[in-house]
Amino acid sequence: MVNPILLIAVSLGVAFLLPVVDRLGRGVSRTVHLLTLAFGMLVSFRWLAALAAGAQPARIITGGWPPPLGINLFFGPLEAALAALAFTTALVAALYLAHHEQVPTVKSLVIQLVLVVGAVGLIMTRDLFNTFVFLEITGIGTYAILSFGRERESLESGFKYMALGSVASIFILLGVAFLYKLTGTLNLDDMAGRLPAVAVAGVGTVLLLLLVGLMAELKLFPLNGPAIDIYDGGEPGVMALLVGTTVNAVLFTFFKVLSLYRGDAWALAVSTVGMVTFVVANLLAIRQTRVRRMLGYSSSAQLGLLVFLLPFVRGEVVLMSAMALLLLNHTLAKAGLLWLAGLHGGERLEDWRGAFPDSVALRVSLGALILAMVGMPPFPGFWGKWQALVGLARSDAWPWIVPLLVGSLLELVYYFGWYRHILEPAGEGSRGAGRAAFAEVAGILLFAGTALALGVRMTAGIWGGPASPALLLGLVGLVLLLVRAIPVKAGAAVSLAATAWILVRMFLSGGGCPLWNVQGFFVVVTLGGALVISLAGLGLPVERRSFWGLFLILVGSILGLITSPSLLGFFVGWELMTWSSYLLVSQGRKGTRPGFLYMLFSGAAGFLILGGLMVAEGAGVDAIGGLVQLGGGAALAAWTLVAAGFAVKVASLGVHIWAPDAYAESPDLFTPFLSGVISKIPIFGLAVVAARIAAPSLHTVAGALEPVHVLAWVGGLTAFGMTLLAVFQEDAKRLLAYSSVGQVGYIVAALAIMSPLGWTAGLWHVVNHLLFKGLLFLAVAGVVYRTGTRRFADMGGLITRMPVSFVSVLIGIIALSGVPPLSGFAGKWLLYEALMERGWLLLTAALMFASVIAFLYCFRLIHSIFLGQLKPEHRELREAPPALLAAQVLLMAGIMVLSVWPQALLDPLQRLVGATFGAAGLELEGALTLTTSFGYFNAVAIMTLVAVLFVVLLAFLLFAGPRSKKIRQLDIVYAAEVPPPPEELHYAWAFFKPYERAFAPILRSAATAFWKGVGEVTGALGEAGRRIYTGDAQTYMLYAMLFILVLAGLGLAG
Amino acid sequence: MPLLPKILWSLVGVLGALAYGLAIGGIIRKVMARIQGRIGPPVWQPYLDLGKNLSLRTATHHGVMSFIAPIFRAGGGIGLYLLIPVVVGVPALENFSFSGDLLMAMYFMFFGSLGMALGAAEAGHPHSPIGISRGLSQMTAYELPFALAVVALVAQTGSFSIHEIVAAQQGGWLHWNLIQNPLAAVAAFLAFLGMNMYAPFNIVGAPQEIPVGPPTEFNSQFLSLLMVGRATFAVAKMVLYMDLFLGGATSLPEAFVKTFLIYFWSVFVGAVFPRFRTEQAIRFFLGWPTVAGVAGVLLVMLNR
Amino acid sequence: MMAGNELYVGTAIGLIVIGFVAVLTRRNLLKIVLGFSIADTGVNLLIVSLGWLPGRTAPIVDDPSMFSDRAALAVNAARVVDPVPQALVLTAIVIGVGVTALMLAYVIRLYAVGGTLDVRQFGRLKW
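None of the values given here were measured: they were computed from a predicted structure.

Visitor: I tried to follow the overall build of chain A on my own but got confused; where do I start?
Guide: Helix and strand counts for chain A stand at 40 helices and eight strands. Rg of the C-alpha trace for chain A: 32 Å, near the compact-globule value of 31 Å for 1054 residues, within the 12% margin. In chain A, which comprises 1054 residues, the proportion classed as buried is 66%. For chain A, the share of sequence-separated contacts (at least 6 apart) that also reach a separation of at least 24 residues comes to 82%. Distance between charge centroids for chain A: 4 Å, based on 65 positive and 52 negative side chains.

Below you can see the structure in the form of structure tokens.
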């Protein structure tokens, strides 16, 4: 094996020789430069492999003097990994810079090598003074490479960075010298051993000097001003180089030096500074308008997070692997994003509108790296964060989880604020990759690919291998996403085939009906929904090529979520679902803004759930099945957090503001899935995660309050509020959106009853809602496709043009409203019986009221679109595409089966709830009458009654009285006047105005104003906070000195 | 009781209800006319109207939904009637009430409204949807006190079965829910005013501004079927109220007396009060009737 | 703390303070660079004085034959001051020179693009 010291020696030697070699030609020197870096990369990777296989770490002694007298180096697995990362980044960065600099100078090549040398030296050395020297080398290298910038901004930021760096190095040097004086050694390990014995006043001050010096090098708050400036002013390619080399090296140095800091006070100080940096930098980033500056804030935040974790890694509270994953993730994602920023050149967020329309690979990479950056699965950062959180949750340090999640949420705000622009449809100003050389994009593709490959591997590990349907669907989706050659319609066909195949396999595989357990039930619901959407997709075109790829990833992630037995597996699927559905929502014509809001609220929901899961992890539970063991306060906390998360995700009243726009502006093909399936996943969460947690009742003055009772009211009020708001919508999809949220409110209330009958009602409604809302959204999609509008006032009288769609909507609204004889009634009946059984009387009445209000919007929907006067421009309209109608027929068939023979679904549900509760709650009297302890209902008899009445009365109409004649559109009784044109006759705008007037006092939406206020306050905080970065070099240096005083004042110096 | 006789008896019951419903309609027109100082039409005028409509020489329609509306409307009335036991304990008059409980009856009430709304809207006459908008708005509003009253009664009885509710009220008028839960009864009887759409809740068909409201575009047999629906629906509602609050009936004469009284409650009010605008009607129902309903439910909760 | 070197320590701290004050208050870039130099000098002096022991000589072995004689080495070691701080300072001075040179290079280029030496004019990137 090559001696690791050669990593330093060879690079340094080449750096010195390079100006000479350059005489032979620039090509030669560049080749030598690349070869040197490749050599370093190769050696480090070989060492890494050897160490992983169990080889002994290398201990290198210099100058023949053993430690503590001589300088010694150490090369273990961590060192090898960091060196490998540094050389890899440097190599790819060199390729990028070679193509990107106007004139690749030999100076630049030399400095690049110096930076790598400094970094690798820092990583390997165990000597404190040597550390100082390498810090200075990296510092000088950084200042020098920044000074190459042509622009004034680059120079300014470089100078500021250098000024603060010089102050920091004075602190460090003083600290090192005094430490030597106190301990008589410079060897780190030796010093750590001797330091506790030193009982001289002033040790604290000395340690503080060193600490603050290193914190300044690490760009921690409030010393991060210049560091953020160099992101802003510097060349992105250079910044990428720094991220992969010196930044990681300084962080590792900090980790090594922390061995000197014994005692909880130091650990607390370091963690606090790290966490404050994480939260504050993320907060200040949300008002940034310049991409590179925003990335600077993000880097500062990420370093803060890593520094926060260091003491916990030292204390073995948090696994080293968490740290390693987070660091790797940050390097890959940040370097990749910086290269992309350099390639694109867009300075402001808006400049990124529809970025890289010409390259699928770059667009996917950009998305992947942003998702990696914010810690979304499957990327390494997600796993790192999870491990870190679990470590914290299982220790006394659990309160840190709160700011960590808050900071992570803020991170979502600005990254998705940026991504939002990228997702806009490509337009005139969209910049592409143009004719970028492969060398320029190589690093981006390598890093994004690595992050993705690692992520897929880890996901496969948690979801039971690559053969699991969930992963398979995801991978097929990825292929669809990446291969431009596959036509869009083929995507729909692939999706149809894949979902149908899995569904059929499930039913044929034996082991009973899949509906017999909750997991199987929801898998069938998901796949059924996906199947119908895919079928409809054969008829209804989508606007974006990536639709089907993302759709399959989404379906796969839902399957993974449902079938995974562990909390981690559940959450992986949850977050994958969140971002894939976000991307699909954003594909709508005006979808990016609603998509952004969707992502924020979904992200918040995710973090609430994560918090709840962490309470469970803290109690040592890591399987969903183990949640039953939770008790007492832990159970209450876990339940509350998890239930709150699910409540946000179902858009409960008060947090509903994201839903209407997200539903309305999604692609027309996606909305039914969003409403029919995705809104049911929180329901699955309630049934499987929340329901397992035995949250104790709260004792209030009014007696014991069951947490589920609160949840039931949340569901009930959501049902009422959303139904009411749906009545006043002027847009077909928005109306259905409100309706969807309201309907899910019923399901929440039903599940919260926590009785066999309540669950039967809830799960029945899950299926029924999927059927009728899918039907309504698909029918409306067809109408929108033909008419090009969603506004009620612009439609009317379409019954003659689109009769099948009309029938769809008719069946849909009857099933929705609960009018017998269709399937909706059984759902209402089960729900009310269950509520009465539970004794929640007022809630029963409230839900009855809500369900009557639903009539108003149901009628409005069908009337405004299909009845009334046909517009002249719609006289030639055609019916929706056949495949879309086929999907609707499928759904109608489902509704009819449930209506005529409810036992088809009730029987499996009986078994399902029986397994959960040990009782069924519903019985069959005779062959056909369903009974509960409160009432009875015979679907077959009712259906027969209705059918007989229908036939008899129809016969009456046809045969009693004169033969009736159909008259023309405008032949109406118009008081002897000529009727005005159809546009004026169609009563569709402000349809329920009196109703609006009557409800005016409660309609003023406090929710929207409240959340807007939250957004504004957060934004204002960010705006005010970032003013501390005045841009003045001297202010920044002053901060460094004040920072020492503050920390000393807090007692750290003593 | 075997199925065939049951069907025949039900048919008789429906025809009887139709006759009774039409007659009551005539009586009310007469009463109203006298109050207003007019002579008014004869009591049997609704029968004449029905006959006239069926013997017109022409009939027109606007499409499929023109057929659906009268069918749903009449079906809703007849169906509702068939789901409620008229005289509990007499199988011939219990109809098909064992096919569904009170919830079924409540939801069947919407069947007619929905069908009517659909059919009326297809005609394309703006007056129809305006009337429907008003009618549905008012319907949702009175449904809240009604639902509260039903919840109170059901909780009190421990069953959604109308049979059980009637059975629980046997043993003298003091056992009637009217007395047992007066608050729920107040809520329900105020809601009843809205259901019947007489003044002050008659803006739905407000003759002065939107002639006839929803049925504007219907004629001949279509209109007669709507009349059938209205008549049977009215009877069914009265029977339901009788079963819920007045202890049901043990014989037909008792049923006639009780339902007649129930109906005249809305006639009395209608004769005295002027018409509400839609939003006023809604606010009315969401006010005191709802308070009474909530109080009625709380009463039950406290008594348990 | 250490007898006899209060003068040096005091001077060193004084230099550091002067340097920092210059760095924080002077607006001229050249004066700021100068401030850093003064502070650096102070730091170096401080480090050397840390290793200084009264009455001892420089840690230089002038007779090569001593390396073979461990006893003589030990005697010599007792007569000289601690050599490590001096070695540190030597390195630190070299680094300091490099940093100062680089800073001056920055000043030149900043003057070239900005036409001024006022540090307040170079705060365009902020917030």
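Visitor: Before we go on, may I ask you to explain the interface of chain A and chain C in this structure?
Guide: Frequently, the measure chosen for interface size is the accessible area removed from exposure when the parts meet. Tallying the contact residues gives 50 residues for chain A and 45 residues for chain C. Buried area between chain A and chain C, both sides added, is near 4,200 Å², and the carbon and sulfur share of it is 73%. At the junction of chain A with chain C, the criterion picks out one salt bridge. The residue Arg124(C) makes a salt bridge to Glu153(A) at a minimum N-O spacing of 3.2 Å. Our enumeration of links across chain A and chain C arrives at 13 residue pairs in polar contact (both at pLDDT 80 or more). When residues of the side of chain A that touches chain C are traced back to their parent elements, those giving at least two are helix H5 (128-147), helix H6 (152-183), helix H9 (225-233), helix H12 (291-314) and helix H40 (1033-1049) of chain A. When residues in the side of chain A that touches chain C are grouped by element, the largest group, 20 residues, is from H6(A).

Visitor: When you look at the interface of chain A and chain B in this model, what are you seeing that I'm missing?
Guide: Listed per partner, the contact involves 73 residues of chain A and 82 residues of chain B. Of the roughly 6,500 Å² buried at the junction of chain A and chain B (both faces included), carbon and sulfur atoms supply 78%. Its largest share of buried area at the contact with chain B, chain A owes to Leu841(A), Tyr936(A) and Leu957(A), together 11% of the area lost on that side. Counting the contacts that link chain A with chain B gives one salt bridge. Notably, a salt bridge pairs Glu279(B) with Arg997(A), separated by 3.0 Å at the nearest N-O pair. Across the contact surface, chain A and chain B share 22 residue pairs in polar contact (both at pLDDT 80 or more). In terms of residue count, the dominant contributor to the side of chain A that touches chain B is helix H33 (residues 841-866) of chain A (14 residues). Here the side of chain A that touches chain B is composed, by residue class, of 51 nonpolar, 14 polar and eight charged. Direction of pairing for strand E8 (residues 964-966) of chain A relative to strand E1 (residues 59-61) of chain B: parallel, over a ladder of three bridges. Its bridge partner being in E1(B), Ser964(A) is matched across the sheet by Ala59(B).

Visitor: Got a minute to help me understand the environment of Thr245(A) in this structure?
Guide: Tracing the backbone shows Thr245(A) in helix H10 (residues 236-257). The spacing of Thr245(A) and Gln112(A) is 133 residues in sequence and 9.9 Å in space, taken between C-alpha atoms.

Visitor: I'm lost on the sheet that holds strand E7 (residues 936-938) of chain A in this one. Help?
Guide: In sheet architecture, strand pairing relies on hydrogen bonds along the backbone and comes in two forms, parallel and antiparallel. Residues and elements named next belong to chain A. In space, the three strands of this open sheet follow the order E5-E6-E7, with antiparallel pairing throughout. Taken across any chain shown, the strands that pair with only one partner, and hence form the sheet edges, are strand E5 (923-925) and E7. Taking the axes of each pair of neighbouring strands and ignoring which way they run, one obtains an average angle of 30 degrees across the sheet. Sheet topology note: the E5/strand E6 (residues 929-931) ladder contains three bridges and is antiparallel.

Visitor: Help me out: how do you make sense of helix H31 (residues 803-817) of chain A in this one?
Guide: Given 3.6 residues per turn, any residue in an α-helix points the same way as the ones three and four places further on. Residues and elements named next belong to chain A. In this model H31 runs 21 Å from its N-terminal to its C-terminal C-alpha over 15 residues, within 8% of the 21 Å that 1.5 Å per residue would give. Within H31, 12 of the 15 residues are buried, which leaves it mostly tucked inside the rest of the structure. Of the positions making up H31, those classed as buried are Ser805, Phe806, Ser808, Val809, Leu810, Ile811, Gly812, Ile813, Ile814, Ala815, Leu816 and Ser817. Just downstream of H31, glycine 818 is the residue with a positive phi angle, here 85 degrees.

Visitor: How should a nonpolar patch on the surface be read in this particular structure?
Guide: Residue and element names in this part refer to chain B. Nonpolar side chains collect at one region of the surface, where Leu3, Leu4, Ile7, Leu8, Leu11 and Leu15 lie side by side and expose about 630 Å² of accessible area between them. Looking at the secondary structure, you find leucine 11 in helix H1 (residues 3-35). Taking the relative accessible area as the measure of exposure, leucine 11 reaches 53% and is therefore exposed.

Visitor: Just to check I follow, could you spell out the domain arrangement of chain A for this structure?
Guide: Residue and element names in this part refer to chain A. Splitting chain A by domain gives domain 1 (270-456) and domain 2 (463-949). Contacts between the two partners involve 32 residues from domain 1, matched on the other side by 33 residues from domain 2. Interface of domain 1 and domain 2: buried area, both sides summed, is about 3,000 Å²; carbon and sulfur atoms make up 78% of it. Glutamate 617 serves as the salt-bridge partner of arginine 394, at 2.8 Å between the closest nitrogen and oxygen. Counting the contacts that link domain 1 with domain 2 gives five residue pairs in polar contact (both at pLDDT 80 or more). Counting only elements with at least two residues in the side of domain 1 that touches domain 2, the list comes to helix H14 (360-373), helix H15 (380-393), helix H16 (401-423) and helix H17 (438-462). By residue number, the principal contributor to the side of domain 1 that touches domain 2 is H16, which donates 11 residues. In the side of domain 1 that touches domain 2, the residues fall into 24 nonpolar, three polar and five charged.

Visitor: Looking at this model, I keep getting lost on the arrangement of the chains. Mind explaining?
Guide: With two pairs of chains in contact overall, the greatest share of contacts is found between chains A and B. For chain B and chain C, which are not in contact, the least C-alpha distance works out to 54 Å.

Cut-offs applied
Residues numbered from 1 in each chain as written. Chains lettered and ligands numbered in written order. Predicted model: local features only at pLDDT ≥ 70, side-chain atom pairs only at ≥ 80, totals over all residues. Heavy atoms only, no water. Helix = DSSP H or I, 4+ residues; strand = E, 2+ residues; numbered from the N terminus. Rg over C-alpha atoms; globule rule 2.2 N^0.38 Å. Buried < 20%, exposed > 50% of the residue type's maximum accessible area, 1.4 Å probe, protein only. Contact = heavy atoms within 4.5 Å. Lys, Arg positive; Asp, Glu negative; His and termini not counted. Charge placed at Lys NZ, Arg CZ, Asp CG, Glu CD. Buried area = accessible area lost by both parts, 1.4 Å probe. Salt bridge = Lys/Arg side-chain N within 4 Å of Asp/Glu carboxyl O. Polar contact = N/O pair within 3.5 Å; in protein donor to acceptor, adjacent residues only side chain to side chain. Nonpolar A, V, L, I, M, F, W, Y, C, P; charged D, E, K, R; others polar. Pairing = 2+ DSSP bridges. Axes fitted to C-alpha atoms, helices over the stretch in contact; angles between N-to-C directions. Expected span 1.5 Å × (residues − 1). Patch = residues over 30% accessible without salt bridge, like charges linked within 9 Å, V, L, I, M, F, W, Y side chains within 5 Å. Areas by Shrake-Rupley, 256 points an atom, 1.4 Å probe, with all protein chains shown as cover. Domains from an automatic or database assignment.

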